[in-house]
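# Summary of structural features
The primary structure of each chain is shown beneath.
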Amino acid sequence: MNAVLLFSGQGAQKVGMGKDLAEAYPAVRALFDQADATLGYSLTNIMFEGPIEELTKTSRCQPALYAHGLAILEVLKSKAPALNVTATAGLSLGEFTAHAAAGTFDFATGLDLVFQRGSFMEEACENTKGAMVAMLGGEESAIRELAKECDVDVANLNSPGQIVLSGSAEGIADAAAKAKDKGIKRAITLPVAGAYHSRLMKSAQDKLAVALGAAAIQSPKVPVVCNFEARPVSTPEEIRATLTAQVTGSVRWEESVRYLIAQGNTLFIELGPDAALAGMVGKIDKSVKVISIKDAASLDAAVAQLQ
């Protein structure tokens, strides 16, 4: 059975994530122990027990989501050996998980990269006064025009009728206030620490470029569709370039999913603590099948469907 694997981005984290998987599967416990040893602190204790304020920190939630997604994959491969992964993709941070799943780098290398990425982004958030707003129900052209007027950036093109803007707190407040004038139904300010995927992340981008340059990266074994260009990347050079560009660039998620569907993919499996990506894929194309695996129970249900 052919399937595309999708991996969660920041915001999907939940206290308790992975705990039932670690209790049920020794392979998951071993992977989480490796994560703790690699990072030098108990990431799993934060994942399992919280508090949510600690788990939500960018430097914590990015490694947590990375480890959680790959832990689910570890068990899925053992329980559904006939599953044939045709491609992988991930939303923002999830693109790193997608690369690890495709063999671009090993677990520890990817974990170190996402920890550094999260730390660099957290520092950039502290040094800039940024915000993000989701625009729902508007035309892309109108939202881009609004972004230009308010001097903010287009951060995410998630699905039809859902585009996120990112930038200075003042610019985002201005954009939210003017949204209805542009025919946008709703403008929802997001509860985030800063302006991700905007020019305010430039310092994080520069530091991540250095980390990626030093990391051992190889061509993936299956196609990985990158956020920045909504196409597969294959050489170490273009992987480094697109993962770097993604920090300040737009996440072109809708285009990425449409590309994957155009390649003949009809089954998507989301591996992460919530079903946000599954919801987006459903809005992009209702004809494809999407399975969301969040925990041990949904993993068992998914395996039954994949038999």
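Structure: see above.
Let me begin by describing the structure that accompanies this report. (Residues numbered from 1 in each chain as written. Predicted model: local features only at pLDDT ≥ 70, side-chain atom pairs only at ≥ 80, totals over all residues. Heavy atoms only, no water.)

### Side note on the sheet that holds strand β3 (residues 130–136)
As a reminder, the rule being used: A pair of strands is considered paired only if DSSP assigns at least 2 bridges between the two. To qualify as a helix, a DSSP run of H or I must reach at least 4 residues; to qualify as a strand, a run of E must reach at least 2; elements of each kind are numbered from the N terminus. Comment: axis = line fitted to C-alpha atoms, over the contacting stretch for helices; angle = value between 0 and 180 degrees taken between N-to-C directions.
What the four strands build is an open sheet, ordered β4-β5-β3-β6; its pairing is antiparallel. Every other strand in the sheet has two partners, leaving β4 (153–159) and β6 (186–189) as the edge strands with one partner each. Direction aside, the axes of adjacent strands within the sheet are offset by 25° on average. In this sheet, strand β5 (residues 162–168) lies alongside β4 in antiparallel orientation, the contact comprising five bridges. Each residue of the ladder has a partner; that of D153, found in β5, is S166.

### A few points about the pairing of strand β1 (residues 2–7)
Applicable threshold: Residue burial is assigned from relative accessible area. The probe radius is 1.4 Å, only protein chains are included, and a residue is buried under 20% of its type maximum, exposed over 50%, and partly exposed in between.
A large share of β1 lies buried, amounting to five of its six residues. Two strands pair when backbone bridges link them, and β1 and strand β2 (residues 84–90) are joined in this way by six bridges, in the parallel orientation. For A3, the partnering residue across the bridge sits in β2 and is V85. As judged from the four bridges shared by β1 and strand β9 (residues 267–271), these two strands associate in the parallel manner. Across the sheet, V4 pairs through a bridge with F268, a residue of β9.

### Section: the nonpolar core
Defined as follows: Buried residues of nine kinds, namely Ala, Val, Leu, Ile, Met, Phe, Trp, Tyr and Cys, make up a nonpolar core once their side-chain atoms join them within 4.5 Å. Any two residues whose heavy atoms approach within 4.5 Å are treated as being in contact.
Formed by 74 residues in total, the largest nonpolar core has its most connected members in I269 and L299. Element by element, the count of residues in this core is highest for helix α5 (residues 58–79), at ten residues. Non-local contacts of I269, meaning those with residues more than four positions away in its chain, are made with A3, V4, L5, L6, L83, I291, I293 and L306. Residues A87, V251, I261 and M280 belong to the second largest nonpolar core, which totals 17 residues.

### Thoughts on the side chain of D274
Rule in force here: N or O atoms closer than or at 3.5 Å make up a polar contact, with two conditions inside protein: a donor-capable atom paired with an acceptor-capable one, and, for residues adjacent in sequence, both atoms drawn from side chains.
Residue position: D274 is located in the loop between β9 and α13 (276–284). Of the polar contacts made by the side chain of D274, one reaches the backbone nitrogen of A276; its length is 3.2 Å. Excluding residues that lie within four positions of it along the chain, D274 makes contacts with S8, G11, A12, K14, S292 and K294.

### A look at α13
Definition in use: Throughout, the arc means that of the directions going from the helix axis to the C-beta atoms.
Where α13 is concerned, the buried positions are L277, A278, M280, V281 and I284. Taken around the axis of α13, the buried residues stretch over an arc of 160°, which confines them to a single face. Against β1, β4, β5, α12 (253–262), β9 and β10 (289–293) lie the buried residues of α13.

### Examining the sheet that holds strand β8 (residues 231–233)
Through backbone hydrogen bonds, the strands of a sheet pair up, either in parallel or in antiparallel fashion. What the six strands build is an open sheet, ordered β8-β7-β2-β1-β9-β10; its pairing is mixed. Every interior strand has two partners, whereas the edge strands, β8 and β10, have only one. Pairwise comparison of adjacent strand axes, ignoring direction, gives a mean angle of 30° for this sheet.

### Structural notes on the packing of helix α10 (residues 202–214) against helix α11 (residues 236–245)
Just so we agree on the cut-off: We call two directions roughly parallel when the angle between them is under 35 degrees, roughly antiparallel when it is over 145, roughly perpendicular when it lies between 65 and 115, and oblique otherwise. Each crossing gets its handedness from the near helix: less than a right angle anticlockwise from the far helix is left-handed, clockwise is right-handed.
α11 packs onto α10 with a crossing angle of 160° between their chain directions and a minimal axis gap of 9 Å. As far as their axial angle goes, α11 and α10 are roughly antiparallel. The two elements α10 and α11 meet at a crossing, and its hand is right-handed. Residues Q205, L208, A209, L212 and G213 of α10 pack against R240, L243, T244 and A245 of α11.

### Some points on the environment of K182
Along the chain, K182 falls in the loop between α9 (169–178) and β6. Separated by 41 residues in the primary sequence, K182 and P223 have C-alpha atoms spaced 38 Å apart. When near neighbours in sequence (up to four residues on either side) are disregarded, K182 contacts A142, E145, L146 and E149. Polar side-chain contacts of K182 include one of 2.5 Å to the side chain of E145.

### Focus on unusual backbone geometry
Residue P51 is reached from G50 by a cis peptide bond, and omega for that bond is 5°. Here S92, not a glycine, exhibits a phi torsion of approximately 55°, which is positive. Note that S92 resides in the loop between β2 and α6 (94–101). The backbone phi angle of H197 is positive, close to 55°, even though this residue is not glycine. Relative accessible area serves as the criterion here: at 4%, H197 is assigned to the buried category.

### Section: the pattern of salt bridges
Test applied: Salt bridge criterion: a side-chain nitrogen from Lys or Arg within 4 Å of a carboxyl oxygen from Asp or Glu.
In total, this model carries 17 salt bridges according to the counting rule given. The residue R60 makes a salt bridge to E54 at a minimum N-O spacing of 3.0 Å. The residue K202 makes a salt bridge to D206 at a minimum N-O spacing of 2.7 Å. Within this pair, K202 and its partner D206 are both found in helix α10, separated by four residues, close to a single helical turn. K202 sits in the partly exposed class, given a relative accessible area of 41%. Residues participating in the shared-partner salt-bridge network are E54, K57 and R60.

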